[in-house]
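Chain by chain, the residues:
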Amino acid sequence: MPLYVFRCAGGHDFEMLIPMSGDAPDCPACGESSRKLPTTFGYHSGAARPRKPQPTFNPTDVWREAFAGRPDRLRREVEFREKLARTGKRESDDIPSPDRNLTGGVVLG
């Protein structure tokens, strides 16, 4: 027998196991007539598994991974950010981004 969710005219929600061909029962709380509510299909196989904790985002870790083993690139990035903080300019001829080569393309690795 399937489990159905019902709501009565008085606003009470309740669940009940009834045959698929069965009529909606009266509300056990107030005795009013009820109707079936649309529900979602629940499916899972086996025992419920605990969820894996989601890794938290840490900008420091991203920074370390991006520049691991590349001290020259890290030095250029720090210099670029210091100049950017002093001048307030984003990118110009006098402050080229360290991640760009002379042709203007992005340097990968």
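Note: the structure precedes this text.
Counting restarts for each chain, with residues numbered from 1 along the sequence as it is written. Thresholds applied to this predicted model are a pLDDT of at least 70 for local features of residues and 80 or more for the giving and counting of side-chain atom pairs; totals over whole chains, interfaces and linings are not thresholded and use all residues. The basis for every side-chain value is the complete set of heavy atoms in the structure, and neither hydrogens nor water enter the calculation.

Student: Report on helix α2 (residues 71-87), specifying residues and quantitative values.
Tutor: Taking 1.5 Å per residue as the helical rise, α2 with its 17 residues ought to reach 24 Å, and the 24 Å between its terminal C-alpha atoms agrees with that figure. Think of it in three bands: residues with accessible area under 20% of the maximum for their type are buried, residues over 50% are exposed, and the middle band is partly exposed, with areas taken using a 1.4 Å probe on protein chains only. Labels follow the DSSP assignment, with helices taken as runs of H or I lasting at least four residues and strands as runs of E lasting at least two, numbered in each case from the N terminus. Every buried residue of α2 is accounted for by Arg73, Glu77, Phe80 and Leu84. Taken around the axis of α2, the buried residues stretch over an arc of 65°, which confines them to a single face. Pointing more than 90 degrees away from the buried face of α2 are the exposed residues Pro71, Ala85 and Arg86. Only heavy atoms matter for contacts: two residues are in contact if any of them lie within 4.5 Å across the pair. At its buried positions, α2 is contacted by α1 (59-67). Residue Gly88 follows α2 closely and has a positive phi angle near 80°. Here, expected helix span is obtained from the residue count minus one, scaled by 1.5 Å. As used here, the arc is the angular range of directions from the helix axis to the C-beta atoms.

Student: Describe in detail the packing of α1 against α2, supporting the description with residues and values.
Tutor: Every axis corresponds to a line fitted to the C-alpha atoms, with the helix fit spanning only the stretch in contact, and the corresponding angles, defined between N-to-C directions, vary from 0 to 180 degrees. Here α1 crosses α2 at 130°, and the two axes come no closer than 9 Å. In terms of orientation, α1 and α2 fall into the oblique class. For the pair formed by α1 and α2, the contact residues are Trp63, Ala66 and Phe67 on the first element and Arg73, Leu74, Glu77, Val78 and Arg81 on the second. Throughout, the term roughly parallel applies to angles under 35 degrees, roughly antiparallel to angles over 145, roughly perpendicular to angles from 65 to 115, and oblique to all others.

Student: I'd like a description of the nonpolar core, backed by residues and values.
Tutor: In this structure, Tyr4, Phe6, Cys8, Phe14, Ile18 and Cys27 together form the largest nonpolar core, which totals six residues. At three residues, strand β1 (residues 3-8) tops the list of elements feeding residues into this core. Discounting residues that sit within four places of it in the chain, Phe14 has contacts with Tyr4, Val5, Phe6, Pro25, Asp26, Cys27, Pro28 and Ser34. Buried Ala, Val, Leu, Ile, Met, Phe, Trp, Tyr and Cys residues form a nonpolar core when they are joined through side-chain atoms within 4.5 Å.

Student: Quick one: what's the story with the pairing of β1, residue by residue and with numbers?
Tutor: It is a general feature of regular strands that their side chains alternate between the two faces of the sheet. The pairing of β1 with strand β2 (residues 13-17) spans five bridges and is classified as antiparallel. Paired with Arg7 across the strands is Asp13, a residue of β2. Strand pairing is defined by DSSP finding a minimum of two bridges between the two strands. Linking two consecutive strands that pair antiparallel, namely β1 and β2, is a turn of four residues; a positive phi of about 95° is found at Gly11 within it. Of the pairings in the sheet, the one linking β1 to strand β3 (residues 34-36) comprises three bridges and is antiparallel in character. Residue pairing in the sheet places Arg7 in a bridge with Arg35 of β3.

Student: Tell me about the packing of aromatic side chains, and name the residues and values.
Tutor: Stacked, tilted and edge-to-face are the three classes applied to pairs of Phe, Tyr and Trp rings, where Trp contributes its six-membered ring and a pair requires centres within 6.5 Å; stacked means planes under 30 degrees apart, edge-to-face means over 60, and tilted covers the rest. By the definition in use, this model includes two aromatic pairs. Aromatic side chains Tyr4 and Phe6 sit 6.3 Å apart centroid to centroid with 55° between the ring planes, which places their arrangement in the tilted category. Across the pair, Phe6 and Tyr4 agree in class, each one buried. Pairing Phe6 with Phe14 gives two aromatic rings, centres 5.5 Å apart and planes at 25°, and the pair type is stacked. Summarising the burial analysis for this pair, Phe6 and Phe14 share the class buried. These aromatic residues form a ring-pair network of at least three members: Tyr4, Phe6 and Phe14. As a reminder, the over-ring test applies to NZ of lysine and CZ of arginine, requiring each to be within 6 Å of the ring centre and within 35 degrees of the ring normal. Here Lys36 stacks its cationic end above the ring of Tyr4, 4.0 Å away from the centre of that ring.

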